[in-house]
Amino acid sequence: MNEAMARSAEAEALRGKVVLITGSGKGLGAALLKACAAARARVVVNCKSDERRAHAIGQEIQRGGGEALVCRADVTSHGEAKGLVDETLRAFGRIDVLVNTVGNFAWKPVAEMEPAEWRTMLASNLDSVYNMCRLTLPSMRKQHWGRIVNFGAVGAERTLAPQKVAAYSAAKAGVVAFSKALALEEARSGITVNVVSPGVMADGEEAAREVEQAVDRIPTGRLGAPEDVMRAVLFFCSPAADFLTGQVLSVSGGWRL
């Protein structure tokens, strides 16, 4: 699938670009990173802790003829996020595309959520986005071109919040508001900022809990796949989306419309 996507017009636009994807040492972030590498982008593999897995991904990309830098950093920490950006700039000299996928998810009612758990949820989903966007803006401004794609959540733009996900919903609503404000601030700098909101994914945490019932509630009749999200991200990075900024694209098969 990655090779097929790499031949698409959207993916062709990434050739030679430097793509930094947070949380790309596993899961959906890793799948997206491999698609970008297949499109001949120079990529940065970021992980918080599992460096062995991240290095395996980097080596896989390099064996395929691609360029990959592996960087361990907890992007909820401004200092570690700065180290990640600085290392990327030393290696590649620029950052063209930033995709923020990091974001913990948990089911817990407010009455049972401790202050530390609340803070961790907001730091993972919202602080990480601020840190990485703030730190990559100088490079993108310098070249007068950049593409930022932040991961939201289905319904976040309407502040849709199911029970037991108050912290997650609040953080993702913040991501949408932050992204729209940043899109306005940086529009004249040649930088677009958009949001992709994945629905219930076949390998996601929510799917693990609700998979028995989820398909019946999705109008298209199936769970989401990494390729669905990849296409949305690649579209926002392509020339076809040059005039789109501050937009929220729900990749959910019609779930929660």
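Our structure's up above, just so we're on the same page.
One structure accompanies this document, and this report is about it.

## Comments concerning the pairing of strand E2 (residues 42-47)
Thinking step 1. Where burial is concerned, most of E2 is hidden: 5 out of the 6 residues are buried.
Thinking step 2. Strand direction decides the pairing type here: strand E1 (residues 18-22) and E2, joined by 4 bridges, are parallel. Within E2, the position partnered with Ile 21 by the bridge is Val 45.
Thinking step 3. Taken together, E1, helix H3 (residues 27-38) and E2 constitute a β-α-β crossover, and its handedness is right-handed.
Thinking step 4. When E2 meets strand E3 (residues 68-72), the two strands line up parallel, connected through 5 bridges. When the bridges of E3 are listed, Cys 47 appears paired with Arg 72.

## A short note on the environment of Ala 171
Thinking step 1. Within the fold, Ala 171 resides in helix H7 (residues 166-186).
Thinking step 2. Residues Ala 171 and Ala 111, 60 residues apart in the sequence, show an inter-C-alpha distance of 18 Å.
Thinking step 3. Here Ala 171 is in contact with Met 121, Leu 122, Asn 125 and Leu 126, once residues within four sequence places are set aside.

## Brief notes about the state of the cysteines
Thinking step 1. The tally for this structure, following the rule as stated, stands at 0 disulfides.
Thinking step 2. No disulfide involves Cys 47; its nearest neighbouring cysteine sulfur is the one of Cys 71, lying 8.8 Å away.

## Examining helix H4 (residues 51-63)
Residues lying three or four places apart along an α-helix face the same way, a consequence of the helix completing one turn every 3.6 residues.
Thinking step 1. The end-to-end C-alpha distance of H4 is 18 Å, a good match for the 18 Å that 13 residues give at a rise of 1.5 Å each.
Thinking step 2. Inspection of H4 places Ala 54, Ile 57, Gly 58 and Ile 61 among the buried residues, and these make up the whole buried set. Along H4, the residues classed as buried sweep out an arc of 95 degrees about the axis, all on the same side. Exposed residues on H4 whose side chains face more than 90 degrees from its buried face are Arg 52 and Arg 63.
Thinking step 3. Packing partners of the buried residues in H4 comprise H3, E2 and E3.
Thinking step 4. Positive backbone phi, at 90 degrees, marks Gly 65, one or two positions downstream of H4.

## Re the pattern of salt bridges
Thinking step 1. According to the stated counting rule, one finds 13 salt bridges in the structure shown.
Thinking step 2. Its salt-bridge partner being Asp 242, residue Arg 147 comes within 2.9 Å of it at the nearest N-O pair. Remark: Asp 242 occurs in the loop between helix H9 (226-236) and strand E7 (248-251) and Arg 147 occurs in strand E5 (residues 146-151); sequence separation between them is 95 residues.
Thinking step 3. The closest approach of N and O atoms between Arg 158 and Glu 157, which form a salt bridge, is 3.5 Å.
Thinking step 4. When its relative accessible area of 44% is taken as the criterion, Arg 158 is described as partly exposed.
Thinking step 5. What makes Glu 157 partly exposed here is its relative accessible area of 34%.
Thinking step 6. One connected set of salt bridges, linked through shared partners, spans Arg 222, Asp 228 and Arg 231.

Here is what the cut-offs are and how they apply
Residues numbered from 1 in each chain as written. Predicted model: local features only at pLDDT ≥ 70, side-chain atom pairs only at ≥ 80, totals over all residues. Heavy atoms only, no water. Buried < 20%, exposed > 50% of the residue type's maximum accessible area, 1.4 Å probe, protein only. Helix = DSSP H or I, 4+ residues; strand = E, 2+ residues; numbered from the N terminus. Pairing = 2+ DSSP bridges. Right-handed = clockwise from strand over helix to strand, strands pointing away. Contact = heavy atoms within 4.5 Å. Disulfide = S-S within 2.5 Å. Expected span 1.5 Å × (residues − 1). Arc of directions from axis to C-beta. Salt bridge = Lys/Arg side-chain N within 4 Å of Asp/Glu carboxyl O.

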